[in-house]
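A structural walkthrough
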Amino acid sequence: MTANEASATRRVFSAVVGAWIFLQPAPAISATDDAESILKSFGVAGLPPVSPAQDETAVQADGRQFNALFECYSKFNDPKAGKLGPAHVTNSPKWGYLLRADFVRNGESTPAFRLLCWNGGFQTLRNPPLPALDAVPN
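Notes on the structure in this doc start here. Because the structure is a prediction, the values reported are computed rather than measured.

We now examine the overall build of the chain. Of regular secondary structure, the chain possesses three helices and six strands. Burial statistics for the chain: of 138 residues in total, 26% are counted as buried. Just so you have it, the chain exposes about 9,500 Å², and 58% of that area is on carbon and sulfur atoms.

If you want it as structure tokens, here you go:
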């Protein structure tokens, strides 16, 4: 096979694979689906729970394994937008180390958001389940 034939074969193969990908049916998603069901339709296992689960254990947050969690936390710690409560780190058998913190917007008294950070991602949830994780400082 010459170089031109090999190049043409690669182009045809790429076009066929590209067309195959675009012709595959997309997962059916409705406006009422929650985030977990949408993720599952794409083959993602789901999200860690927003509130600590029964099988999680609280851990003292120190050491390099927590650097990514606290980097996530620090990105949301903006005094101009509001106040981020203390970080709560737990260890989950399924998700590994998780960091949760409640967030209060300036001028409000109850937490409006919960931040959840884990190795590989983060999520914020509006109107987190009560009780709050901890009092957000004034």
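Moving on to the side chain of Glu 56. Here Glu 56 shows up in the loop between α2 (35-41) and β1 (57-58). Since its relative accessible area comes to 11%, Glu 56 is described here as buried. Side chain to side chain, Glu 56 and Thr 90 meet in a polar contact 2.5 Å long. A polar contact is formed between the side chain of Glu 56 and the side chain of Arg 100, at a distance of 2.8 Å. Every residue in contact with Glu 56, bar those within four places of it in the chain, is listed here: Pro 49, Ser 51, Thr 90, Asn 91, Ser 92, Leu 98 and Arg 100.

Turning to the nonpolar core, a few remarks are in order. Within the largest apolar cluster, 13 residues are counted, with the highest numbers of intra-cluster contacts made by Leu 69, Tyr 73, Leu 84, Val 89, Leu 99, Leu 115 and Cys 117. If we skip the residues at most four places from it in the chain, Cys 117 touches Leu 69, Cys 72, Tyr 73, Tyr 97, Leu 98, Leu 99 and Phe 122. Counting five residues, the second-largest nonpolar core is a separate cluster that includes Leu 47, Trp 95, Leu 98 and Leu 116.

The way to describe two aromatic rings as a pair is by their centre distance and the angle between their planes. Taken as a whole and judged by the stated rule, the model has four aromatic pairs. Judged by centre distance (4.7 Å) and plane angle (70°), the ring pair of Phe 66 and Tyr 97 falls under edge-to-face. Remark: Tyr 97 occurs in strand β4 (residues 96-105) and Phe 66 occurs in the loop between β1 and α3 (67-75); sequence separation between them is 31 residues.

Position of Cys 72 relative to the elements: it lies in helix α3. Classification of Cys 72 as buried rests on a relative accessible area of 12%. It is 7.4 Å that separates the C-alpha atoms of Cys 72 and Phe 122, two residues lying 50 residues apart in sequence. Those residues in contact with Cys 72, other than ones at most four positions away along the chain, are Leu 115, Cys 117 and Phe 122.

What follows covers the pairing of strand β6 (residues 121-126). Looking at chain direction, strand β5 (residues 113-118) and β6 are connected through six bridges and run antiparallel. Bridging across to β6, Arg 114 finds its partner in Leu 125. In this antiparallel pair of consecutive strands, β5 and β6, the connection spans two residues, and Gly 120 shows a positive phi of 110°.

Quick notes on the rules
- Residues numbered from 1 in each chain as written.
- Predicted model: local features only at pLDDT ≥ 70, side-chain atom pairs only at ≥ 80, totals over all residues.
- Heavy atoms only, no water.
- Helix = DSSP H or I, 4+ residues; strand = E, 2+ residues; numbered from the N terminus.
- Buried < 20%, exposed > 50% of the residue type's maximum accessible area, 1.4 Å probe, protein only.
- Areas by Shrake-Rupley, 256 points an atom, 1.4 Å probe, with all protein chains shown as cover.
- Polar contact = N/O pair within 3.5 Å; in protein donor to acceptor, adjacent residues only side chain to side chain.
- Contact = heavy atoms within 4.5 Å.
- Core = buried A, V, L, I, M, F, W, Y, C linked by side-chain atoms within 4.5 Å.
- Phe/Tyr/Trp six-rings, centres within 6.5 Å; stacked < 30°, edge-to-face > 60°.
- Pairing = 2+ DSSP bridges.

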